[in-house]
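What the coordinates show
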Amino acid sequence: MYTLIGSLKTRGFRVLWCLEELELEYEHIPAMPRSEEIAKHNPSGKVPALLVGDDVILDSVAICQFLADKHGALTHKAGTIERAKQDSWTQFVLDDIESALWTHAKHSFFLPKELAVADIARATKHEFDRAMGVLETRLGSQEYVTGDTFTIPDIILCHCANWAQNIPKWEIPKGPVLDYIERLRTRPAYLKTMELRNAEQGEPH
Ligand SMILES: N[C@@H](CCC(=O)N[C@@H](CS)C(=O)NCC(=O)O)C(=O)O
């Protein structure tokens, strides 16, 4: 039995999608960042966290990859070339896409006003658009990022695409990249996660 702590309006979305894909039993506590509930498990106050018995796993990608490895799906096997390429995709999503989104979010609402850079979007949108170009080239005409198999970086990428589309004027390029994202959004586990997310109160983080 797993317990996911973290609102679905945060990176918690990725973990619940993953739990749904794997058809696992879980409990969900939709705690917000910096809430008392998450502070019991993560001193940084960041969500999500996954409780596994007496253990706590932090960081959405580590959690998703753990679940995939443990349950033998949504991943290539460790030690294979396919897995190396999958991990490279995960790293690309975090370094080139999520980092632009996260820098943008921090300067928009997480940092104290006196520290936030007002026109940060000039740099972050530039980084994001550049990453979209790289994504288009690397994806080519493949169904998923690693080819025929749906894996964890597809989940992280789709979550980042949703995040980007909530920022005014940030767009996913039409054509192969948008088609790929829209294909991911038809998955039953995604639709279930989105339904649960939409039923939650509060703003996206
Ligand atoms: N690397 C972590 C990042 C977690 C994170 O930054 N979560 C955001 C919400 S999506 C948060 O809780 N932020 C609160 C803060 O930065 O204080 C992960 O992937 O889970």
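This text follows the structure it describes.
Residues numbered from 1 in each chain as written. Predicted model: local features only at pLDDT ≥ 70, side-chain atom pairs only at ≥ 80, totals over all residues.

Two elements in contact, helix 1 (residues 12–21) and helix 6 (residues 152–165), have axes whose closest approach is 10 Å; the angle formed by their N-to-C orientations is 135°. The orientation of helix 1 with respect to helix 6, classified from their angle, is oblique. Handedness of the crossing formed by helix 1 with helix 6: right-handed. Across from Phe13, Arg14, Trp17 and Cys18 in helix 1, the residues of helix 6 making contact are Ile155, Ile156 and His159. Of the residues in the contact of helix 1 with helix 6, the class split is five nonpolar, one polar and one charged. (Axes fitted to C-alpha atoms, helices over the stretch in contact; angles between N-to-C directions. Helix = DSSP H or I, 4+ residues; strand = E, 2+ residues; numbered from the N terminus. Parallel < 35°, antiparallel > 145°, perpendicular 65-115°, else oblique. Left-handed = near helix turned anticlockwise from the far one by under 90°. Contact = placed C-beta atoms within 7 Å. Nonpolar A, V, L, I, M, F, W, Y, C, P; charged D, E, K, R; others polar.)

The ligand sits among 13 residues. The nearest are Thr10, Arg11, Pro33, Lys46 and Ser60. For the shell around the ligand, the class distribution of residues is five nonpolar, four polar and four charged. (Near = placed C-beta within 6 Å.)

Here the focus is the nonpolar core. Core analysis: the biggest nonpolar cluster contains 42 residues, and Val15, Cys18, Cys64 and Cys160 have the highest contact counts within it. Sorting the residues of this core by element identifies strand 1 (2–5), helix 1, strand 3 (49–52), helix 3 (60–71), helix 4 (81–110), helix 5 (121–139), helix 6 and helix 7 (176–184) as the ones contributing at least two each. Ranked by residue count, the leading element in this core is helix 6, at nine residues. The residue makeup of this core includes at least three contributed by each of domain 1 (2–74 + 190–199) and domain 2 (81–186). Setting aside residues no more than four positions away along its own chain, Cys160 makes contact with Val93, Ile97, Glu98 and Leu101. (Core = buried A, V, L, I, M, F, W, Y, C linked by C-beta atoms within 7 Å. Buried ≥ 20, exposed ≤ 12 C-beta atoms within 10 Å, placed from the backbone. Domains from an automatic or database assignment.)

Further remarks concern the sheet that holds strand 2 (residues 26–29). To summarise the sheet geometry, strands pair through backbone hydrogen bonds and adopt either a parallel or an antiparallel arrangement. Reading across from one edge, 2-1-3-4 is the order of the four strands in this open sheet, with mixed pairing throughout. This sheet does not close on itself; its edge strands, each paired only once, are strand 2 and strand 4 (55–58). Recorded for the sheet is a direction-independent mean angle of 20° between the axes of neighbouring strands. As paired elements, strand 1 and strand 3 share four bridges and run antiparallel to each other. Residue Ile5 lies in a different strand from strand 3, and its bridge partner there is Ala49. Those strands touched by helix 1 are strand 1, strand 2 and strand 3, and its axis lies near 155° from that of strand 1. (Pairing = 2+ DSSP bridges.)

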